[in-house]
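Listed here are the chains, written in short residue letters.
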Amino acid sequence: MILGHASPSGTARFRSRFPAFADAGHFRKPERVNHLSDLRLSSIGIGTYLGEPDAATDQRYSEAVVAAIASGVNVLDTAINYRLQRSERSIGAALKQAIESRSVQRDELLVCTKAGYLTYDGTVPADPRRYFLEEYIEAGVIPREELVGGMHCMAPSYLENQIERSRQNLGIDTIDVFYVHNPEQQLGEVSRDIFDDRLRRAFVALEKAVVAGKIRVYGTATWNGYRQDPSLRDSLDLEQIVAIAREVAGGDNHHFRVVQLPFNLGLPEAFAAQNQKIGSRQAPLLDAAHELGIAVVASASLLQGRLAGRLPEFVRKSLKTDTDAEAAIQFARSAPGITTALVGMSRREHVEANLRVASKPLAGREEWQSLFREGNAKAQ
């Protein structure tokens, strides 16, 4: 197990090796975010969601992660269910290689993972139902009444089990950011009161994991929850979730410090939708997170490749980029309030192409917001 975790001195050391990127604003500190505010984090992070669960894809991901670290990326994102635990293991193999070769140190990297969805172990078993029964239900890891849709759970015993598996898969003693994965999945079957109680018990377990040194901070990684209209059943209220974390920890020293949600040119709700609240006023997610001291990580910056090759010319022109992919990444990483924009990169050539934009200055606020005005004008 590789010891350590991301630290201010380590991430500053990493940043110092990429002066051109640093000058262009590629590294930023999530100021106002307790427990993370002094870290220097890359504006582009590597995601590991897509791909077949096979050895060839494992190797390509490991090579891509090593290349990303060598190219100026120090935010690594995965989940235990991605490619049946194989994405975590691919990152683990890359970390071992990069650290043993002394091209990076553990304290220079922010390693993030998620749990909530049931997953197989590397391959699909001959009898999937029997596997889950034996591995989780009969073993007492998952209370049967807390399994939603036959696939989602955030019971403390399950999260504790998944943290241990993820630590082993990644080969690290401490996970920097641990997300509860799509907690809104629970709201398809349970009431809001039951959901809040389950989240509260999950946070108690995660605060204990922080004390034990198994994770540094925790958060929620969502797809729909923070983008929905508040009237919808599976919407998430960030202010209420932070209130639960404060209740569990007895104040502002809680470790619920990061949220992840899709943010891109096709899904701009974190900036554009007034679906959160701060006190009595409505606000977009990015504003609410800033007020509440929460870092925001953007997922699906390329919308799983769908934004490459389909953008209007004015977007590339406004963002001063050469390709649609560069424009999409520049849009996400330049958004006011975004700490890191994740981009799926399963090949070394993806890393080379996607990191070109890191040497460009971030889009200015006025320049960035003009995209909304021009887009609305063209739509009318």
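Note: the structure precedes this text.
Residues numbered from 1 in each chain as written. Predicted model: local features only at pLDDT ≥ 70, side-chain atom pairs only at ≥ 80, totals over all residues. Heavy atoms only, no water.

### Things to note about helix H10 (residues 285-292)
To keep it simple, the criterion reads: Accessibility here uses a 1.4 Å probe with only protein chains present; expressed as a share of the type maximum, an area under 20% marks a residue as buried, one over 50% as exposed, and anything in between as partly exposed. Secondary structure elements are defined from DSSP: runs of H or I of at least 4 residues count as helices, runs of E of at least 2 residues count as strands, and each element is numbered from the N terminus. Think of it as the arc spanned by the lines of direction from the helix axis to the C-beta atoms.
Of all the positions in H10, only Leu285, Leu286, Ala288 and Ala289 are classed as buried. An end-on view of H10 places all buried positions within 165° of arc, on one side of the element. Once H10 ends, the next one or two residues include Gly293, with phi positive near 75°.

### Notes on the pattern of salt bridges
Put simply, the rule reads: By convention in these notes, a salt bridge is any Lys or Arg side-chain nitrogen within 4 Å of a carboxyl oxygen on Asp or Glu.
In total, this model carries 26 salt bridges according to the counting rule given. Residue Arg13 is joined to Asp107 by a salt bridge in which the shortest nitrogen-to-oxygen separation is 2.9 Å. With Arg13 in helix H1 (residues 8-16) and Asp107 in the loop between helix H4 (86-100) and strand E5 (110-115), this residue pair connects regions lying 94 residues apart in the sequence. In this structure, the salt-bridge partner of Glu146 is Arg201, at a minimum N-O distance of 2.8 Å. Taken together, the residues Glu146 in the loop between helix H5 (128-137) and helix H6 (156-170) and Arg201 in helix H7 (residues 192-211) connect sequence positions 55 residues apart. Where salt bridges share partners, they join Glu146, Asp197, Arg200, Arg201 and Glu247 into one cluster.

### A look at the packing of aromatic side chains
Here is the rule we go by: Note on aromatic contacts: the rings of Phe and Tyr and the six-membered ring of Trp form a pair at centre separations within 6.5 Å, being stacked when their planes are under 30 degrees apart, edge-to-face when over 60 apart, and tilted otherwise.
Enumeration over the complete set of coordinates arrives at 17 aromatic pairs. Judged by centre distance (5.0 Å) and plane angle (55°), the rings of Tyr49 and Tyr82 are tilted. Of this pair, Tyr49 sits in the loop between strand E3 (44-47) and helix H3 (55-71) while Tyr82 sits in the loop between strand E4 (75-77) and H4, and the two are 33 residues apart along the sequence. Judged by relative accessible area, Tyr49 falls into the partly exposed class, the value being 45%. Chaining the aromatic ring pairs together yields one cluster made of Tyr120, Tyr131, Phe132, Tyr136 and Tyr158.

### Regarding the nonpolar core
What counts here: Residue types Ala, Val, Leu, Ile, Met, Phe, Trp, Tyr and Cys, when buried and joined through side-chain atoms within 4.5 Å, form a set referred to as a nonpolar core. Any two residues having at least one pair of non-hydrogen atoms within 4.5 Å are treated as being in contact.
In this structure, Leu76, Phe203 and Phe256 are the most contacted members of the largest nonpolar core, which totals 90 residues. A per-element tally of this core places H7 first, with seven residues. If we ignore the near neighbours within four places in the chain, the residues touching Phe256 are Phe203, Glu207, Tyr218, Gly219, Thr220, Tyr226, Leu238, Ile241, Val242, Ala245 and Ile294.

### Topic: the packing of H3 against H4
Short version of the rule: As a rule, the C-alpha atoms of each element are fitted with a line to give its axis, helices using only the stretch in contact, and angles between N-to-C directions run from 0 to 180 degrees. The cut-offs work like this: below 35 degrees is roughly parallel, past 145 is roughly antiparallel, 65 to 115 is roughly perpendicular, and the gaps in between are oblique. Helix crossings are classified by the rotation of the near helix relative to the far one: an anticlockwise turn of less than a right angle makes the crossing left-handed, while a clockwise turn makes it right-handed. For this classification, Asp, Glu, Lys and Arg are treated as charged, while Ala, Val, Leu, Ile, Met, Phe, Trp, Tyr, Cys and Pro are nonpolar and the rest, including Gly, are polar.
Interaxial distance between H3 and H4 falls to 8 Å at its minimum, and their mutual angle equals 45°. By the criterion of interaxial angle, the relationship of H3 to H4 is oblique. Where H3 crosses over H4, the handedness of that crossing is right-handed. Each of Ala55, Asp58, Tyr61, Ser62, Val65, Val66 and Ile69 in H3 lies in contact with H4, whose residues at this interface are Arg86, Ser87, Ser90, Ile91, Ala93, Ala94, Leu95, Gln97 and Ala98. Of the residues contributing to the contact of H3 with H4, the split by class is ten nonpolar, four polar and two charged.

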